[in-house]
Amino acid sequence: MMDPQQKTSEVKGHFDRVASRYDLMNTILSFGLHHLWKRRAVGLLGLKRGELVIDICGGTGDLALLAARRVGPAGGVVLYDLNRAMMLAGRAKLARAGLNDRVWLIEGDAEQLAAADRSLDAALVGFGVRNLGRMDEGLREMHRVLKPGGRLVILEFSRPQNPLWRWLYDCYSFTVMPRLGQLVAGSREAYTYLITSIRQFPRPEEVADLLRSVGFTQVSYHPLTNGIAMIHRAVKP
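For every chain, the first residue of the written sequence is number 1, and numbering continues from 1 along that sequence. Note on the predicted model: pLDDT of at least 70 is required for a residue's local features to be given, and 80 or more for side-chain atom pairs to be given and counted; whole-chain, interface and lining totals, by contrast, use all residues. The basis for every side-chain value is the complete set of heavy atoms in the structure, and neither hydrogens nor water enter the calculation.

**Concerning the packing of aromatic side chains**
The geometry of an aromatic ring pair comes down to the distance between the two centres and the angle between the two planes.
Moving on, step 1. Side-chain rings of Phe, Tyr and Trp (the six-membered ring for Trp) are treated as a pair once their centres are within 6.5 Å; stacked means planes under 30 degrees apart, edge-to-face means over 60, and tilted covers the remaining angles. The tally for this structure, following the rule as stated, stands at five aromatic pairs.
Moving on, step 2. Following the ring pairs from residue to residue traces out a cluster consisting of W37, F127 and F157.

Next comes the structure, spelled out in structure tokens:
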């Protein structure tokens, strides 16, 4: 098992290398499905006008952008990520959408969120929880910063439920994804890490247990595309 600090450093290095091609690679590798998954995830938050949201491990800002449109001019979204290169890569996207005034970028560690206790209405994490050095600490921080009644949605990769689909997915993951990573993003290692981290990520029921253990209630999970991805939802009581 990798030391948490070493894992954080390694993950940051991977994203530094692929930041400029990250969005393109997501679209190629998922055949565009990641856009549908992200819209579904934000929809499950049930955002209201004027709410304050944090997009943790927010990267290039896809989820922050969708959330900002829902909370409107009276609301706001904190795009929070350890990797400055990723946030800078997404800045033009936010500008084109006219949302720079409602999405605020903060560079920081998800395991030590720079936010006050009970200060936010909702939290999002898209494909970032498995990259945390200490996932339980990250979940505790998410619980801490949410107001009572605040909602958390985690969108994360998982393993397909159907055995044949799982075999096809494994073949694609171990043969195609690293080669495309090298060809398009210039980093085979980053996409080899991606596959390994998905395999090591806890099963949905284990994630649900972790969420309950740090204080969340109304915990549920929702498979997407036969279980390739999973949305976890929880509420702070």
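Moving on, there is more to tell.
**With respect to the pattern of salt bridges**
Moving on, step 1. Put simply, a salt bridge is a Lys or Arg side-chain nitrogen that is within 4 Å of an Asp or Glu carboxyl oxygen. One pass over the structure, following the stated rule, counts 17 salt bridges.
Moving on, step 2. Between R151 and E51 there is a salt bridge; the shortest N-O distance is 2.8 Å. Note that R151 is positioned in strand β5 (residues 146-157) and E51 in the loop between α3 (33-45) and β1 (52-56), a separation of 100 residues in sequence.
Moving on, step 3. Partly exposed describes any residue whose relative accessible area lies between the buried limit of under 20% and the exposed limit of over 50%, with all areas from a 1.4 Å probe on protein chains only and scaled to the type maximum. Taking the relative accessible area as the measure of exposure, R151 reaches 9% and is therefore buried.
Moving on, step 4. Of the charged contacts in the structure, one is a salt bridge between E107 and R84, with a shortest N-O distance of 2.8 Å. Remark: R84 occurs in helix α5 (residues 84-96) and E107 occurs in strand β3 (residues 103-107); sequence separation between them is 23 residues.
Moving on, step 5. A relative accessible area of 52% means that R84 is categorised as exposed.
Moving on, step 6. Look at the salt bridges and you will find they share partners, linking D23, K38, D62 and K93 into a network. Secondary structure counts use DSSP, requiring at least four H or I residues in a row for a helix and at least two E residues in a row for a strand, with both numbered from the N terminus.

**Points about the packing of α3 against helix α4 (residues 62-71)**
Moving on, step 1. One can describe the packing of α3 onto α4 by two numbers: an axis separation of 10 Å at closest approach and a directional angle of 45°. Considered as vectors, α3 and α4 are oriented oblique to each other. The element α3 and its partner α4 pack so that their crossing is right-handed. When α3 is examined against α4, the residues H34, K38, R39, V42 and G43 are found in contact with a partner set consisting of D62, L63, L66, A67 and R70. For helices, the fitted line uses only the C-alpha atoms of the stretch in contact; every axis is such a line through C-alpha atoms, and the angle between N-to-C directions lies from 0 to 180 degrees. Reported orientations rely on four angle classes, namely roughly parallel under 35 degrees, roughly antiparallel over 145, roughly perpendicular from 65 to 115, and oblique for the rest. We call a crossing left-handed when the near helix sits turned anticlockwise from the far one by less than a right angle, and right-handed when that turn is clockwise. Any two residues whose heavy atoms approach within 4.5 Å are treated as being in contact.

**Focus: the environment of P237**
Moving on, step 1. Relative to the helices and strands, P237 resides in the segment after β7 (229-235).
Moving on, step 2. What makes P237 exposed here is its relative accessible area of 59%.
Moving on, step 3. Once the C-alpha coordinates of P237 and G150 are considered, the two residues, 87 residues apart in sequence, prove to be 7.8 Å apart.

**Describing a nonpolar patch on the surface**
Moving on, step 1. A cluster of nonpolar residues, L164, W165, W167 and L168, forms a patch on the protein surface that exposes about 450 Å² of accessible area.
Moving on, step 2. Mapping L164 onto the fold places it in helix α7 (residues 163-185). Residues enter patches when they are more than 30% accessible in relative terms and free of salt bridges; like-charged ones are connected within 9 Å and nonpolar ones (Val, Leu, Ile, Met, Phe, Trp, Tyr) within 5 Å. Surface accessibility follows the Shrake-Rupley procedure with a 1.4 Å probe radius. Residue values consider only the protein chains on display as shielding.

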